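Take a look at the letters that make up each chain.
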There are 2 protein chains.
Amino acid sequence: MLLDPECIPCIIKQAYDSAKRFTSDNTELQFKIVKEACSAVLSIEENSTSPKFSSVIQNIIEKNTGFTNPYKKLKEKNIKEARCYIPYLETIVENSYDKLQMAVRAAIIGNIIDLGANPEFDIEYEVNRITNNNINLDSLKNFKDDLENSNLILYIGDNFEEALFDKILLKQLLPKKIVFAVRSKPILNDITLEDAKILGIDKICRVIESGSKIAGTDLFQCSPEFLNLFEKADLVIAKGQGNFETLLNVNRPVYFLFKVKCNVIARRSGLLVGTSALYLYNITKVVSNANIN
Amino acid sequence: MLLDPECIPCIIKQAYDSAKRFTSDNTELQFKIVKEACSAVLSIEENSTSPKFSSVIQNIIEKNTGFTNPYKKLKEKNIKEARCYIPYLETIVENSYDKLQMAVRAAIIGNIIDLGANPEFDIEYEVNRITNNNINLDSLKNFKDDLENSNLILYIGDNFEEALFDKILLKQLLPKKIVFAVRSKPILNDITLEDAKILGIDKICRVIESGSKIAGTDLFQCSPEFLNLFEKADLVIAKGQGNFETLLNVNRPVYFLFKVKCNVIARRSGLLVGTSALYLYNITKVVSNANIN
């Protein structure tokens, strides 16, 4: 989906937040970074996406601060907190009548950990609400049916810390053949190949880099291997807003698992801000409905 | 006080909000406005203030939408709501043991109505909290002493709707000689001379235009008459964040009445975001303290 004008002030705010975080209160450097971010707005391409523009901002941060992986320390801090909730969630899933549904809920909850659109996240609050109805699972029946008929599953990861929660779902998808795709560059707190190995995801399934170097999946950057899998997989699961923003409107069905963190995504998905969802985008259905209407 | 780098994303957000409000969902025009706002960031002067930069943004809105007083209708809508609370507040003040304190509280509450920094305001919520302690009145004793010794009071207004609440305080300041100063141009929902007459403030005291055409008091724009009053008044009361941002650090004591609506003002005032306050800035005191240290 294309960048919305409302994304611009939000991304400039992210530029400022990063500048503040990484410049030790150097106001002059913060001004410089925010001005460079504003300057970058002037050359946004018409068909850009929000995650693509965010990556331009991260380059500005990296150039001005000298950090090449600025969120590394924060990821290490967050993962410690995230780990505390995993045994609890695993117990809930294991004792559920519908393990798959509960694992989907756990994976969606992980999406709250977001240093871009949602830096003030509260994991405990979300974990405590896992069994209530604030998670939209309208597509769960479809998901189960499609899963039943699938051999190959492509699971596109999002954030590093969130992937601990994805592991819970990945285990429920076994013994299907799963490929877990990660970013090809550290961007915000997104998961990389190194991160996936730290979390032991490579012990559950195959892990590949998608080729995308932004906080989403830019198909123009993706490797032939990823593109081939994206086309041939029987089921594609994509985590988080960044993947939603870059993969909505692609030419195949995708199950998005994410929390709606802003007005723009609320408008595009038809869900309220704050809702978490298993959201099926199915181009075939959209086109056939369009034909009927 | 000078513009903080954190003001920039906030003002770009205000540009987007105004663009959305006044362009009837014309996304292309919204992009154009937001891009022009970002472009304006590149030429911010080093000694600029946030209200001064906001006025550049409003000029961009006016140029692109063709509206010369874009907030007129919104002011008319808000004033109707604001009027509902006045009889209640007047009754509370009239029945108070300390009428002046309660009138100060009422005037501060009015400052919640702000279409710039606080567009999601809730008047009823604030009115209901008038008697609780979330209003910082540490300077009230000083204020009463200074008032006692004053003959001429300069009261610098802020927003149009808020001035209904100011009237409650103005009446308590009588029979002192009061001059109420307003903006010289409609900017956001700030009060103008025409507005002050609509509210009947000219029936209580003299009303003058300050000369300032921004959502604050830019002394470089102010008329000789205003500057003379600003120097000679025994007591200066300035309402709202805009006046705080433009008059903090001036060469005379000023009583600011405002609600802290953002991190920047919180840092500069030492008050928490969300606090309302009667805040005394006294240059003499600051300088003498500095000498002691």
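Residues numbered from 1 in each chain as written. Chains lettered and ligands numbered in written order. Predicted model: local features only at pLDDT ≥ 70, side-chain atom pairs only at ≥ 80, totals over all residues. Heavy atoms only, no water.

Caption draft 1: Region of interest: the packing of helix α4 (residues 72-94) of chain A against helix α8 (residues 163-173) of chain A. All names here are of chain A. Two elements in contact, α4 and α8, have axes separated by 8 Å at closest approach and are oriented at 30 degrees. As judged from the angle between their axes, α4 and α8 are roughly parallel. Classified by chirality, the crossing of α8 by α4 is right-handed. On α8, the residues that touch Ile79, Ala82, Arg83, Ile86, Leu89, Glu90, Val93 and Glu94 of α4 are Leu164, Phe165, Ile168, Lys171 and Gln172. The residue makeup of the contact of α4 with α8, split by class, is eight nonpolar, one polar and four charged. (Axes fitted to C-alpha atoms, helices over the stretch in contact; angles between N-to-C directions. Helix = DSSP H or I, 4+ residues; strand = E, 2+ residues; numbered from the N terminus. Parallel < 35°, antiparallel > 145°, perpendicular 65-115°, else oblique. Left-handed = near helix turned anticlockwise from the far one by under 90°. Contact = heavy atoms within 4.5 Å. Nonpolar A, V, L, I, M, F, W, Y, C, P; charged D, E, K, R; others polar.)

Caption draft 2: Expanded view of the interface of chain A and chain B. Listed by partner, the interface residues are 21 residues for chain A and 21 residues for chain B. Counting across the chain A and chain B interface gives two residue pairs in polar contact (both at pLDDT 80 or more). If you tally residues by element for the side of chain A that touches chain B, the top one is helix α2 (residues 27-41) of chain A, at eight residues. A class-by-class count of the residues in the side of chain A that touches chain B yields 12 nonpolar, three polar and six charged. (Polar contact = N/O pair within 3.5 Å; in protein donor to acceptor, adjacent residues only side chain to side chain.)

Caption draft 3: Region of the structure containing the sheet that holds strand β2 (residues 152-156) of chain B. Residue and element names in this part refer to chain B. The strand order across the open sheet built from seven strands is β1-β7-β6-β5-β2-β3-β4, with neighbouring strands paired in mixed fashion. Two strands in the sheet have a free side with no partner beyond their single neighbour: β1 (135-136) and β4 (206-209). Where β2 and strand β5 (residues 235-239) come together, four bridges link them in parallel fashion. Within β5, the residue paired with Leu154 across the bridge is Val236. (Pairing = 2+ DSSP bridges.)

Caption draft 4: Here's a closer look at the pattern of salt bridges. All names here are of chain A. Tallied over the full model, the rule gives 38 salt bridges over all chains. Note that Glu6 is salt-bridged to Arg267, the shortest N-O span being 3.0 Å. With a gap of 261 residues between them, Glu6 in the segment before α1 (7-22) and Arg267 in helix α12 (residues 263-269) connect regions that are remote in the sequence. Overall, Glu6 belongs to the buried group, its relative accessible area being 12%. (Salt bridge = Lys/Arg side-chain N within 4 Å of Asp/Glu carboxyl O. Buried < 20%, exposed > 50% of the residue type's maximum accessible area, 1.4 Å probe, protein only.)

Caption draft 5: Spotlight on the sheet that holds strand β3 (residues 177-182) of chain A. Residues and elements named next belong to chain A. Taking strand neighbours across the sheet as the criterion, the seven strands line up as β1-β7-β6-β5-β2-β3-β4 in an open arrangement whose pairing is mixed. With partners counted over all chains shown, the strands left at the sheet margins are β1 (135-136) and β4 (206-209), one partner each. Along the sheet, helix α11 (residues 240-247) contacts β2 (152-156), β5 (235-239), β6 (254-259) and β7 (276-281); its crossing angle with β6, the most-contacted strand, is approximately 140 degrees.

Caption draft 6: The packing of aromatic side chains, seen in detail. Tallied over the entire structure, the rule returns 18 aromatic pairs over all chains. Pairing Phe143(A) with Tyr255(A) gives two aromatic rings, centres 5.0 Å apart and planes at 80 degrees, and the pair type is edge-to-face. Linking Phe143(A) in helix α7 (residues 140-148) with Tyr255(A) in strand β6, this pair joins segments that are 112 residues apart in sequence. Looking at Phe143(A), the relative accessible area reads 0%, which means it is buried. Under the relative-accessibility criterion, Tyr255(A) is labelled buried at 1%. Pairing Phe226(B) with Phe230(B) gives two aromatic rings, centres 5.9 Å apart and planes at 20 degrees, and the pair type is stacked. Taken together, the residues span about one helical turn, with Phe226(B) and Phe230(B) both in helix α10 (residues 224-232) at a distance of four residues. In terms of burial, Phe226(B) and Phe230(B) fall into one category: buried. Joined through ring pairs, the aromatic side chains of Phe244(A), Phe256(A), Phe258(A) and Tyr279(A) make up one cluster. (Phe/Tyr/Trp six-rings, centres within 6.5 Å; stacked < 30°, edge-to-face > 60°.)

Caption draft 7: Highlighting the environment of Gln101(A). For Gln101(A), the position within the fold is in helix α5 (residues 99-110). Gln101(A) has contacts with Leu137(A) and Leu140(A), leaving out every residue within four places of it along the chain.

Caption draft 8: Focus on the relation of the copies chain A and chain B. Take chain A, turn it by 180 degrees, move it 0.1 Å along the axis, and it overlays chain B with an RMSD of 0.0 Å. What the rotation and shift describe, once combined, is the action of a two-fold rotation axis. In terms of C-alpha distance to the rotation axis, chain A has Cys38(A) as its closest residue, with the C-alpha 2.4 Å off the axis. Of the residues that chain A buries at the interface, 100% are likewise interface residues in chain B, meaning the two copies contact each other through the same surface. (Least-squares fit on C-alpha atoms with pLDDT ≥ 70 in both.)

Caption draft 9: Region of interest: the pairing of β4(A). Residues and elements named next belong to chain A. Where β3 and β4 come together, four bridges link them in parallel fashion. Note that in β4 the partner of Val182 across the bridge is Glu209. Once the chain exits β3 it traverses helix α9 (residues 193-198) before rejoining the sheet at β4, and the crossover so formed is right-handed. (Right-handed = clockwise from strand over helix to strand, strands pointing away.)

Caption draft 10: Highlighting the state of the cysteines. All names here are of chain A. As enumerated under the stated definition, the model contains zero disulfides over all chains in all. Its sulfur unpaired, Cys7 is 6.3 Å from the next cysteine sulfur, which belongs to Cys262. The exposure class of Cys7 is buried, given its relative accessible area of 6%. There is no disulfide at Cys222, and the cysteine sulfur nearest it, in Cys205, is 17 Å away. (Disulfide = S-S within 2.5 Å.)

Fair warning: the whole summary comes from geometry, so function is off the table for now.
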